[in-house]
Amino acid sequence: MTTPAPSALPASGLPSATVVLKPQRARPFFGRHPWVLDSAVAAVDGTPDDGDVVDLATHDGRFIARGLWNPRSRIRVRLYAFDAATKLDAEFWRQRIAAAVALRKHLGLDDRAAAARVVNSEGDDLSGLIVDRYGEYLAVQVTALAIASRLETICDALAAELNPRGILLRGAERGLAKLEGLALPDRLIRGAAPEGPIFIHEHGLKFGVDLTEGQKTGYYLDQRDNRQAAARHARGRRVLDMFCYSGGFAVACAAAGGARSVLAVDSSARAAALARENAALNGAANVVVEEADAFETLDALTAAGERFGMVVLDPPKFARSRAAVDDALRAYHRINRLAVGLLEPGGVLVTCSCSGSVTREDFHHMLAGVAQRAGRPVQILESRGAAADHPVSASCLEGEYLTCVIARVP
Ligand code: SAH
């Protein structure tokens with residue numbers, strides 16, 4: 001697997017071929033959906049190279065959109081413009097990135113001491129590109145081959161807009177990378193890498209982020225506002241933060257929310273260490289972090305008859321595909337059933353799913369099943385998603401993956 005050299009790409013941004021759809025397959029693309037699957041393609045008029053600009057046309061030759069070609073992926077073409085006048089040249093990428101940066105400014109998420117997602121793939125009309133800003137550093141994730149071949153252009157634009165001290169490339173999830181034919185090891189692309197962890201502000205709290213070793217791009221920015229929302233219910237309560245990673249919910253509940261005490265659990269030793277450091281950083285002496293398996297811990301706490309005023313469940317993705325949804329829902333049911341059992345009357349359950357293929361409706365139904373089995377009502381107070389710096393394109397709802405329900409259990 002190799003990534004085409006940037007020099008191999010024509011700079012004009014004009015199409016080198018036309019991809020012709022099968023009859024009856026054009027509707028999603030008139031609806032601005034950006035993914036053209038191989039199964040929708042009837043023919044290719046021309047011989048595009050990997051990453052080339054191509055036009056998309058109906059079976060009878062009508063222009064629909066302009067995008068980038070990847071013969072190795074099931075997503076054969078990713079669409080970026082829906083008019084024939086737009087060239088996908090360096091200026092085009094610069095403008096898209098400038099628009100994404102401007103949105104974060106509008107959201108008030110441009111504080112240099114804080115962190116924000118600056119580019120959210122389809123949600124910013126930049127399918128295949130994710131950029132997170134952690135203070136003065138950028139972490140870039142590329143999930144499309146054609147974006148990989150334009151990385152220098154994209155970094156030029158990011159550098160011009162945000163003037164970061166360093167730009168780091170973080171590998172995409174292994175499965176995704178394989179689907180796209182991408183081989184991009186983690187590396188420093190521009191400037192310098194931070195010496196150690198960097199510290200970011202989040203709703204008045206401070207978190208250390210390990211940009212080179214951490215999970216995802218280092219931190220779960222999508223849960224920023226959900227941590228704050230959860231903390232609003234924590235006052236005086238004993239809190240269990242299950243799957244705590246670097247302690248986001250635990251620290252928010254203890255340091256900002258006034259929890260009586262917090263037990264935070266993660267199976268990764270590295271995560272548990274980060275959580276302990278973040279608790280100390282915020283003076284939250286009442287946070288205890290354990291390195292343990294969540295399923296075993298939930299069983300053990302249940303067997304011991306422990307009770308909590310609040311339980312947070314933020315597990316990793318249980319469903320990696322549509323086919324895995326039923327198994328995932330069973331796993332969600334199991335941990336949520338155990339969590340409800342641990343809640344004292346009037347306790348609060350904060351329960352999340354980051355499996356894109358589990359819909360919000362599926363997740364609510366799972367909670368109905370939990371209420372039935374527990375013989376207790378579950379009152380949904382809030383059903384939340386990712387923070388606003390993770391916009392979702394209405395034309396590509398596949399980008400909506402996070403559900404965070406805050407519920408009361410009388
Ligand atoms: N709540 C966190 C993010 C959680 S990410 C935040 O706000 O930042 C999910 C976490 O679950 C990861 O840190 C991963 O190490 C942990 N994890 C995965 N499987 C686990 C298991 N079986 N038991 C406990 N933790 C697990």
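Residues numbered from 1 in each chain as written. Predicted model: local features only at pLDDT ≥ 70, side-chain atom pairs only at ≥ 80, totals over all residues. Heavy atoms only, no water.

(A) A look at the domain arrangement of the protein chain. Examined at the domain level, the protein chain breaks down into domain 1 (6-81), domain 2 (90-191) and domain 3 (199-409). Each of domain 1 and domain 2 was reduced to a C-alpha centroid, and the two centroids are 23 Å apart. Counting residues at the interface gives 16 residues for domain 1 and 18 residues for domain 2. Of the roughly 1300 Å² buried at the junction of domain 1 and domain 2 (both faces included), carbon and sulfur atoms supply 54%. For the domain 1 face of the interface with domain 2, the top three residues by lost area are Leu 68, Arg 78 and Tyr 80, together amounting to 43%. Applying the counting rule to domain 1 against domain 2 returns one salt bridge. With its nearest N and O atoms 3.6 Å apart, the salt bridge here joins Arg 78 to Glu 122. Between the two partners, domain 1 and domain 2, sit six residue pairs in polar contact (both at pLDDT 80 or more). (Domains from an automatic or database assignment. Contact = heavy atoms within 4.5 Å. Buried area = accessible area lost by both parts, 1.4 Å probe. Salt bridge = Lys/Arg side-chain N within 4 Å of Asp/Glu carboxyl O. Polar contact = N/O pair within 3.5 Å; in protein donor to acceptor, adjacent residues only side chain to side chain.)

(B) Structural context of the packing of helix 2 (residues 90-106) against helix 4 (residues 151-162). Relative orientation of the contacting elements helix 2 and helix 4 amounts to 40°, with a least axis distance of 9 Å. The angle between the axes of helix 2 and helix 4 places the two elements in the oblique class. The crossing of helix 2 and helix 4 is right-handed. Where helix 2 approaches helix 4, its residues Ala 90, Trp 93, Arg 94, Ile 97, Ala 98 and Val 101 are matched on the opposing element by Thr 153, Ile 154, Ala 157, Leu 158, Glu 161 and Leu 162. Here the contact of helix 2 with helix 4 is composed, by residue class, of nine nonpolar, one polar and two charged. (Axes fitted to C-alpha atoms, helices over the stretch in contact; angles between N-to-C directions. Helix = DSSP H or I, 4+ residues; strand = E, 2+ residues; numbered from the N terminus. Parallel < 35°, antiparallel > 145°, perpendicular 65-115°, else oblique. Left-handed = near helix turned anticlockwise from the far one by under 90°. Nonpolar A, V, L, I, M, F, W, Y, C, P; charged D, E, K, R; others polar.)

(C) Representation of the site of the ligand. Close to the ligand lie 15 residues, the nearest being Arg 227, Asp 266, Asp 293, Ala 294 and Asp 314. Asp 293 has a polar side-chain atom sitting 2.8 Å from a nitrogen atom of the ligand. Contact between the ligand and Asp 314: a nitrogen atom at 2.7 Å from a side-chain N or O atom of the residue. A total of 580 Å² of accessible area belongs to the ligand in isolation, and the protein chains cover 89% of it. The residue inventory of the shell around the ligand, partitioned by class, reads eight nonpolar, three polar and four charged. (Near = heavy atom within 4 Å. Areas by Shrake-Rupley, 256 points an atom, 1.4 Å probe, with all protein chains shown as cover.)

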